[in-house]
Amino acid sequence: MLPQTNHYMFEMIRSELSWAVGDDNVRDDDSDKLGHSIDYYWMPEMWHDRNQPPRPPDVVVTPETAEAVAKVLKIANTYKIPVTPWGGGSGSQGGALPIYGGISLDTKKLNRVIEVDEESLTITAETGCNMQQLEWATEKAGFSTMHFPASIACATLGGFLAHRGTGVLSTKYGKIEDMVMSLEVVTPEGEIINTLPVPRHASGPDLTQVYVGSEGTLGVMTKATLKIHPIPESRKFHAFLFKDMHTAMAAGAEIMSTRLRPTVIRLYDEPETAKVIKKVLDIDRQGSYLVFGFDGAEDMVDLEMRKACAICAKQDPEDLGTQAGETWWDNRYKFFYPPYMFQLPQAFGTLDTVGTFANIEKIYWAMKNVVEENFPEATFIGHFSHWYEWGAMLYARFIIEEPPQDPHEVAALYNRIWDMAIRAAIDNGGVINEHHGVGLKLGRIMPDLYGPAFDVLKRIKTALDPNGIMNPGKMGFGV
Amino acid sequence: MHIHDHLDTIDACRFCFMCRHLDTTANVTFREADIPRGRALILDRVRMNPEQLSNSDYINTMYDCALSAACRQHCVSSYDEAGLVLAARSDIVEAGLTPCDVKTLADSLVAEFATEMTGNAGDILYIETTAYQAGQPEIAAAFGKAMAAAGVAFRTLRVNDTGKALAVLGFADQAAEAARQTWDAITASGCSTVVASCPATFDAIKGDSTGLGAALDGLNIQHTSTYLLGLVTSGQLTAKANRAEAIYIDSDFLRNYNGITDEPRELLGACGYALKPFGTNPEESYACGEGAVVFARLRPRLVELMRERFVELMDSPDDLIITASPYTRHVLSQSDGKPVRVISIEEAVANRL
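Definitions and limits used
- Residues numbered from 1 in each chain as written.
- Chains lettered and ligands numbered in written order.
- Predicted model: local features only at pLDDT ≥ 70, side-chain atom pairs only at ≥ 80, totals over all residues.
- Heavy atoms only, no water.
- Helix = DSSP H or I, 4+ residues; strand = E, 2+ residues; numbered from the N terminus.
- Rg over C-alpha atoms; globule rule 2.2 N^0.38 Å.
- Buried < 20%, exposed > 50% of the residue type's maximum accessible area, 1.4 Å probe, protein only.
- Areas by Shrake-Rupley, 256 points an atom, 1.4 Å probe, with all protein chains shown as cover.
- Lys, Arg positive; Asp, Glu negative; His and termini not counted.
- Charge placed at Lys NZ, Arg CZ, Asp CG, Glu CD.
- Domains from an automatic or database assignment.
- Contact = heavy atoms within 4.5 Å.
- Buried area = accessible area lost by both parts, 1.4 Å probe.
- Polar contact = N/O pair within 3.5 Å; in protein donor to acceptor, adjacent residues only side chain to side chain.
- Nonpolar A, V, L, I, M, F, W, Y, C, P; charged D, E, K, R; others polar.
- Salt bridge = Lys/Arg side-chain N within 4 Å of Asp/Glu carboxyl O.
- Disulfide = S-S within 2.5 Å.
- Phe/Tyr/Trp six-rings, centres within 6.5 Å; stacked < 30°, edge-to-face > 60°.
- Pairing = 2+ DSSP bridges.
- Axes fitted to C-alpha atoms, helices over the stretch in contact; angles between N-to-C directions.
- Core = buried A, V, L, I, M, F, W, Y, C linked by side-chain atoms within 4.5 Å.
- Patch = residues over 30% accessible without salt bridge, like charges linked within 9 Å, V, L, I, M, F, W, Y side chains within 5 Å.
- Parallel < 35°, antiparallel > 145°, perpendicular 65-115°, else oblique.
- Left-handed = near helix turned anticlockwise from the far one by under 90°.

## Here's the deal with the overall build of chain B
Item 1. If you tally the helices and strands in chain B, you get 19 helices and nine strands.
Item 2. Against the compact-globule benchmark of 20 Å for 353 residues, chain B has a radius of gyration of 20 Å, which places it among compact chains.
Item 3. Expressed as lengths along the three principal axes of its C-alpha atoms, the size of chain B is roughly 60 × 45 × 35 Å.
Item 4. For chain B, buried positions account for 62% of its 353 residues.
Item 5. Accessible surface for chain B amounts to roughly 12200 Å². Of this, 50% is attributable to carbon and sulfur atoms.
Item 6. Between the centroid of the 30 positive side chains of chain B and the centroid of its 46 negative side chains there is a distance of 4 Å.

## Regarding the domain arrangement of chain B
All names here are of chain B.
Item 1. Per the domain assignment, the segments of chain B are domain 1 (2–97), domain 2 (111–230) and domain 3 (238–350).
Item 2. Each partner contributes to the interface: domain 1 provides six residues, whereas domain 2 provides five residues.
Item 3. Across the interface of domain 1 and domain 2, roughly 420 Å² is buried in total on both sides, 62% from carbon and sulfur atoms.
Item 4. For the domain 1 face of the interface with domain 2, the top three residues by lost area are Leu86, Arg89 and Val93, together amounting to 62%.
Item 5. Seen at the junction of domain 1 and domain 2, the total is two residue pairs in polar contact (both at pLDDT 80 or more).
Item 6. Sorting elements by how many residues they give to the side of domain 1 that touches domain 2 places helix α6 (residues 81–94) first, with four residues.
Item 7. A class-by-class count of the residues in the side of domain 1 that touches domain 2 yields four nonpolar, one polar and one charged.

## A few points about the interface of chain A and chain B
Bring the parts together and some accessible area is lost; that lost area is often taken as the interface size.
Item 1. Opposite the 44 residues of chain A that make contact, chain B presents 40 residues.
Item 2. Taken together, the two surfaces of chain A and chain B that pack against each other cover about 3500 Å², and 57% of this comes from carbon and sulfur.
Item 3. The largest per-residue losses of area from chain A upon contact with chain B belong to His48, Trp136 and Tyr337 of chain A, which jointly make up 19% of the total buried on that side.
Item 4. The interface formed by chain A and chain B contains five salt bridges.
Item 5. Among the salt bridges present, the one from Arg31 of chain B reaches Asp29 of chain A, with a minimum N-O distance of 3.4 Å.
Item 6. Those elements that provide at least two residues to the side of chain A that touches chain B are α2 (30–35), α3 (42–49) and α5 (131–140) of chain A.
Item 7. In terms of residue class, the side of chain A that touches chain B is made up of 17 nonpolar, 15 polar and 12 charged.

## Here we look at the environment of Lys441 of chain A
Residues and elements named next belong to chain A.
Item 1. Here Lys441 is to be found in the loop between α15 (407–427) and α16 (446–450).
Item 2. Judged by relative accessible area, Lys441 falls into the buried class, the value being 3%.
Item 3. Apart from the residues within four sequence positions on either side, Lys441 is in contact with Tyr41, Ser92, Gln93, Tyr414 and Trp418.
Item 4. Side-chain polar atoms of Lys441 contact the backbone oxygen of Ser92, separated by 3.2 Å.

## Here's the deal with the environment of Lys71 of chain A
All names here are of chain A.
Item 1. For Lys71, the position within the fold is in helix α4 (residues 66–79).
Item 2. Looking at Lys71, the relative accessible area reads 43%, which means it is partly exposed.
Item 3. Spatially, the C-alpha atoms of Lys71 and Thr195 are 20 Å apart, while their sequence positions differ by 124 residues.

## Topic: the state of the cysteines
Formally, a disulfide is one covalent bond, and it connects the sulfur atom of one cysteine to the sulfur atom of another.
Residue and element names in this part refer to chain B.
Item 1. With the rule as written, the count across this model stands at zero disulfides over all chains.
Item 2. Its sulfur unpaired, Cys19 is 3.6 Å from the next cysteine sulfur, which belongs to Cys71.
Item 3. No disulfide involves Cys75; its sulfur sits 6.5 Å from that of Cys13, the nearest cysteine.

## Some points on the packing of aromatic side chains
Item 1. Under the criterion given, the structure shown has 28 aromatic pairs over all chains.
Item 2. Judged by centre distance (6.4 Å) and plane angle (55 degrees), the ring pair of Phe237 of chain A and Trp328 of chain A falls under tilted. Within this pair, whereas Phe237 of chain A is found in strand β12 (residues 234–242), its partner Trp328 of chain A is found in helix α13 (residues 321–330), the two being separated by 91 residues in sequence.
Item 3. For Phe237 of chain A, a relative accessible area of 1% corresponds to the buried category.
Item 4. When the centroid spacing of 4.3 Å and the interplanar angle of 20 degrees are considered together, the rings of Phe278 of chain B and Phe310 of chain B count as stacked. Of the two residues, Phe278 of chain B sits in the loop between β7 (273–276) and α16 (295–298) while Phe310 of chain B sits in helix α17 (residues 300–313), which places them 32 residues apart along the sequence.
Item 5. Judged by its relative accessible area of 1%, Phe310 of chain B is buried.
Item 6. The structure contains a cluster of three or more aromatic residues connected by ring pairs, namely Trp42, Phe398, Tyr414 and Trp418 of chain A.

## Let's talk about the sheet that holds strand β14 (residues 288–296) of chain A
Residue and element names in this part refer to chain A.
Item 1. Read from one edge of the open sheet, seven strands run β15-β12-β14-β13-β17-β18-β16, paired in antiparallel fashion. Looking at the sheet topology across the chains shown, the edges are occupied by β15 (318–320) and β16 (347–356). With direction set aside, neighbouring strand axes in the sheet form an average angle of 20 degrees.
Item 2. In this sheet, strand β18 (residues 391–400) lies alongside β16 in antiparallel orientation, the contact comprising 10 bridges. In the sheet register, Thr356 faces β18, and the bridge partner there is Gly391.
Item 3. Along the sheet, helix α11 (residues 270–281) makes contact with β12, β13 (264–268), β14, β17 (378–387) and β18, crossing β17 at roughly 80 degrees.
Item 4. Where α13 meets the sheet, it contacts β12, β13, β14 and β15, and its direction lies at approximately 110 degrees from that of β12.

## So, the side chain of Ser251 of chain B
Residue and element names in this part refer to chain B.
Item 1. For Ser251, the location among the structural elements is in the loop between β6 (244–249) and α14 (252–258).
Item 2. Note on Ser251: relative accessible area 0%, which makes it buried.
Item 3. Within the structure, Ser251 has its side chain in polar contact with the side chain of Glu290 (distance 2.9 Å).
Item 4. Excluding anything up to four places from it in sequence, Ser251 contacts Pro199, Asn256, Glu290 and Ser325.

## Considering the nonpolar core
Item 1. Counting 245 residues, the largest nonpolar core has Tyr289, Phe292, Trp328 and Leu351 of chain A together with Leu169 of chain B as the members making the most contacts within it.
Item 2. Per element, the largest residue contribution to this core is 11 residues, and it comes from α15 of chain A.
Item 3. In terms of nonpolar packing, the next biggest core, distinct from the first, is built from 25 residues, Ala20, Ala68, Val69 and Val72 of chain A among them.

## Observations concerning a nonpolar patch on the surface
Residues and elements named next belong to chain A.
Item 1. A cluster of nonpolar side chains, Leu207, Val210, Val456 and Ile460, forms an exposed patch at the surface whose accessible area comes to about 280 Å².
Item 2. Elements represented by at least two residues in the nonpolar patch include exactly α9 (207–211) and α17 (454–464).
Item 3. Note on placement: Ile460 falls in helix α17.
Item 4. Look at Ile460 and you get partly exposed, because its relative accessible area is 33%.

## Some details on the sheet that holds strand β8 (residues 180–186) of chain A
Residues and elements named next belong to chain A.
Item 1. The strand order across the open sheet built from five strands is β5-β6-β10-β8-β9, with neighbouring strands paired in antiparallel fashion. Edge positions in the open sheet fall to β5 (113–117) and β9 (192–194), since each of these has one partner strand only. Neighbour-to-neighbour, the strand axes of this sheet turn through a mean angle of 15 degrees, independent of strand direction.
Item 2. Two strands pair when backbone bridges link them, and β8 and β9 are joined in this way by three bridges, in the antiparallel orientation. What sits directly across from Val185, in β9, is Ile193.
Item 3. Helix-sheet contacts for α4 involve β8, β9 and β10 (220–227), and the interaxial angle to β8 is about 45 degrees.

## Things to note about the packing of helix α10 (residues 245–257) of chain A against helix α14 (residues 357–374) of chain A
Residues and elements named next belong to chain A.
Item 1. Viewed as axis vectors pointing N to C, α10 and α14 meet at an angle of 155 degrees, and their least axial separation amounts to 11 Å. Accordingly, the angle class assigned to the pair α10 and α14 is roughly antiparallel. The chirality of how α10 crosses α14 is right-handed. Two secondary-structure elements touch here, α10 through Met245, His246, Met249, Ala253 and Met256 and α14 through Phe357, Ile360, Glu361, Tyr364 and Trp365.
Item 2. Split into classes, the residues belonging to the contact of α10 with α14 amount to eight nonpolar, one polar and one charged.

Okay, here's the thing in structure tokens:
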């Protein structure tokens, strides 16, 4: 970490940073440091709620160019100062927390849209762009990124790339790792590099995908080229209420295995249908709510919609019609605003994972059983948000309405639930996470997930970041 | 503490990022402290540790807020983050922690307070608020031209601050006194219809009068855009029908505080203006700090950044900008380089007579 702020050495280093990026871009006031000490991870939120002092960065640095990022990283290497990249700070895994102090490298001033290539349908932008602002700029040019996560208003492009984010329409348009064409990256030692301009090639391993998902541990992504898409002529939704999650899952899996191309399928288990769908959409019914949508040319949308509805009808669900589907789409972000989102004093977490169709229900039941049997004070709910040709993503949650007040006691309880639930997922063919990332929250489980292969990741980390300055303490890489 | 009246907002906003993209200050500073979540986090710490109210960094952050209320407008639950910031400012002032620059500005508003009535005919009282309008006599002149064309007599009350500026700075007592004197002048005029060009003044008279101790029951209070639209639709005012493209910039006080979005556009449409959208979205405030009333005097550097952002978002430097806010007109016309072609909505109407 940096020397104490009351030591002249702090001023020596701050002067060097200021020379590199400008006085206005090096801040250490209490307002900024507080904002950077808490992200969207429940743990620091709880810590703040219990009036415990957060661990702030020593300085917040806001470079405006990749060259300035490179200068900052070179200075950090010189003095071995931790550097934690920060985009929107809306990650739920603690990945952006400066847990060892040092520099919080805020990328939001890297916010220029460089080019919209209307021939190739790509957009090139700096990674500090707020995703909603980037989407609006893309729409103004007549296209869409088709990346519509709940955090679209909060997060930066770089944040999504850093933790392999996804959006509501991922089932057709892919996750961010499917959308990215190429990257500009500042390496931990301050070299600016570019990955290959196209994502499909036979020119060696895919360097772009080495950095995507690296959560700021291998460098700082400063520019990205993404695919963009025409605005579809039509987009339609339809909703059903199945008697239970199993029959709904059968319908969803058949839609995917027949290779229809829905933009989205979302399937809520019975408890979440009762708890959340009722609260947000005011649909107060027993069963499992499933909504799907298609977009594109209207006649093709209608054809796919008919075929998907016919698949669902085999399970004899209640047909809620198109309006219930449209209502869900119109309210897709409402779930994440207060008071609809879970919030303190509740203890809650999103136990998201992904598995094949052969495994995903086993994973669901293993996680649900381990939570409910070991933590009777917790409620377990879940939905399946992002679907693939081979499987689906489970967005499970646990909620404890009245957790212990003592911050250490509740932190231990919280971590115990995660440890047991995620390991239950891994034991049944799941993984640590599907689109929120690893961060601080789940780093300790990475060696269990990867086994001997984790050593390969660690050696890559050591080779690229020999001084270990980049986001220490995250992703299981230690310090 | 006044912030205790807003605990629901602190609880809701302290960990919520959902309106980050719309904070007028944060969109030029990019600071985490400058979004509603950042401010609510600070005030949550103050709630738990009242002595931290004296933290000068926290205090400055509260006064950096542009109070556009775009975030409240966006929030699906309409949590009143702007109200929370105003409460914090009141707490700061009452605790004797007012920063020097804020104190100096408030003192000057109090010292400059004056009311002046001109004209002596008609049932319409037009209020010109000099501190908010930064001079700009063209606006009152354009309103006068429209009224003359419609054959409607009116009186003018010129006042420095209706109390709104002092109120947003956190000086409740001084604001109430300025408001009382303003209301006395309004009442003394005997007019039953009050019209204001400045949306902050309109909001003060329409929205704050009761809170500041005045009783203005029975008065018909309108912004000029609504009033002039009435003249046009009643046939009293006829505009030339030649078409011209223009961009209308919403006022924070009209849109985000009073829900008035259609009337200005209808008025401009009736005057032959074909309106184009501005920027990339209809939610963001482009009013350059209007919600903080005297922000250009309090935070000139931030307002300069807001003006630069506005210019960057313009499709063409030749676009004609029409604003219902004299404050915004003033800021946009301060260009160092090629000036923005900006006129008030009153001028837009007068130009078509």
